[in-house]
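Structural characterization, general
Here is how the chains run, residue by residue.
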Amino acid sequence: VYYPYGETKREAERERNVAPRYEERVDESTGTIHLEVELPGVKREDVSVEVRNYGKNLEIAARRARPGHNAEAQREGKISEEVVDGVAKPKTPEEDKSRNAGYVQLLRSFKLPRTADANKLQAKLLDGILYVDIPRAEEAAPRKIELQ
């Protein structure tokens, strides 16, 4: 088996699948969870944010082209290029051995708290950082009970 970016299968998988760094903050007044996930060099169309497992998990997946890889040509199935010593060497998809060989896959999964409102989740990508806001469900907010 051919692994273009590692000598073993494990090294190739480690090279292709990366867990991006993130920061998590909780707004104590509203209960909203704010995530900032670093996705440098990633385009909006290459990012996927999904709520799975009946609203229990948040999954973020993205991919970015490796340096020296012509991602647009590969995405369209055209001839791609590999830059070697500053010279572009044309490659057909058949020569690439793997359609994803020129990409790094960025994967991160979060377990959502029961108090999260997955239906109102918001996400935006700005300057290589994915901002995700996970609000607290209305029924989970503290409320005062009047005595009768």
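Residues numbered from 1 in each chain as written. Predicted model: local features only at pLDDT ≥ 70, side-chain atom pairs only at ≥ 80, totals over all residues. Heavy atoms only, no water.

Membership of the largest hydrophobic core comes to 18 residues, with the highest contact counts inside it found for Leu35, Leu39, Leu58, Ile60, Leu130, Val132 and Ile134. Counting only elements with at least two residues in this core, the list comes to β3 (33–38), β5 (57–65), β8 (103–111) and β10 (129–134). Not counting residues within four places of it along the chain, the set of residues in contact with Ile134 comprises Gly31, Thr32, Ile33, Leu35, Leu58, Leu112, Ala116 and Leu121. (Core = buried A, V, L, I, M, F, W, Y, C linked by side-chain atoms within 4.5 Å. Buried < 20%, exposed > 50% of the residue type's maximum accessible area, 1.4 Å probe, protein only. Helix = DSSP H or I, 4+ residues; strand = E, 2+ residues; numbered from the N terminus. Contact = heavy atoms within 4.5 Å.)

For strand β4 (residues 47–52) and β5, the ladder comprises six bridges, and the chain directions are antiparallel. Across the sheet, the residue bridging to Arg52 is Asn57, located in β5. In this antiparallel pair of consecutive strands, β4 and β5, the connection spans four residues, and Asn53 shows a positive phi of 55°. By the bridge criterion, nine bridges tie β5 to β8 in an arrangement that is antiparallel. Directly across from Ala65, in β8, lies its bridge partner Tyr103. (Pairing = 2+ DSSP bridges.)

A few words now on the environment of Val132. Looking at where Val132 falls in the secondary structure, it is placed in strand β10. When its relative accessible area of 0% is taken as the criterion, Val132 is described as buried. Separated by ten residues in sequence, Val132 and Gln122 place their C-alpha atoms 5.7 Å apart. Once you skip the residues sitting within four places of it in the chain, Val132 turns out to touch Ile33, His34, Leu35, Leu58, Ile60, Leu121, Gln122 and Ala123.

This part takes up the pairing of strand β9 (residues 122–126). Taken residue by residue, a regular strand's side chains alternate between the two faces of the sheet. Here β9 runs beside β10; their pairing, made up of five bridges, is antiparallel. Looking across to β10, one finds that Leu125 is bridged to Leu130. Between β9 and β10, which follow one another and run antiparallel, lie two residues, and Asp127 among them has a positive phi close to 50°.

Looking now at the pattern of salt bridges. Taken as a whole and judged by the stated rule, the model has four salt bridges. Of the charged contacts in the structure, one is a salt bridge between Arg25 and Glu36, with a shortest N-O distance of 3.3 Å. Placement of the pair is Arg25 in strand β2 (residues 22–26) and Glu36 in strand β3, with a sequence separation of eleven residues. According to the relative accessible area criterion, Glu36 is partly exposed, its value standing at 23%. Between Glu50 and Arg52 there is a salt bridge, with its nearest N and O atoms 2.5 Å apart. Residue classification places Arg52 among the partly exposed positions, given a relative accessible area of 41%. In the salt-bridge network here, residues are joined through shared partners; they are Glu50, Arg52 and Glu59. (Salt bridge = Lys/Arg side-chain N within 4 Å of Asp/Glu carboxyl O.)

Let us now look at the confidence of the model for the chain. This prediction gives the chain a mean pLDDT of 77; 64% of its residues lie at or above 70. In this model, residues 1–6 is a region of pLDDT below 50 whose contacts with residues beyond four sequence positions or in other chains number 14 contacts. (pLDDT = per-residue confidence, 0-100.)

This part covers the sheet that holds β10. The antiparallel open sheet is built from four strands, whose spatial order is β2-β3-β10-β9. Each having just a single partner strand, β2 and β9 make up the two edges of the open sheet. Strand after strand, the sheet turns through a mean of 15° between neighbouring axes, direction not considered. Bridge count for β2 against β3 is five bridges, and the pairing is antiparallel. Paired with Val26 across the two strands is Ile33, which belongs to β3. (Axes fitted to C-alpha atoms, helices over the stretch in contact; angles between N-to-C directions.)

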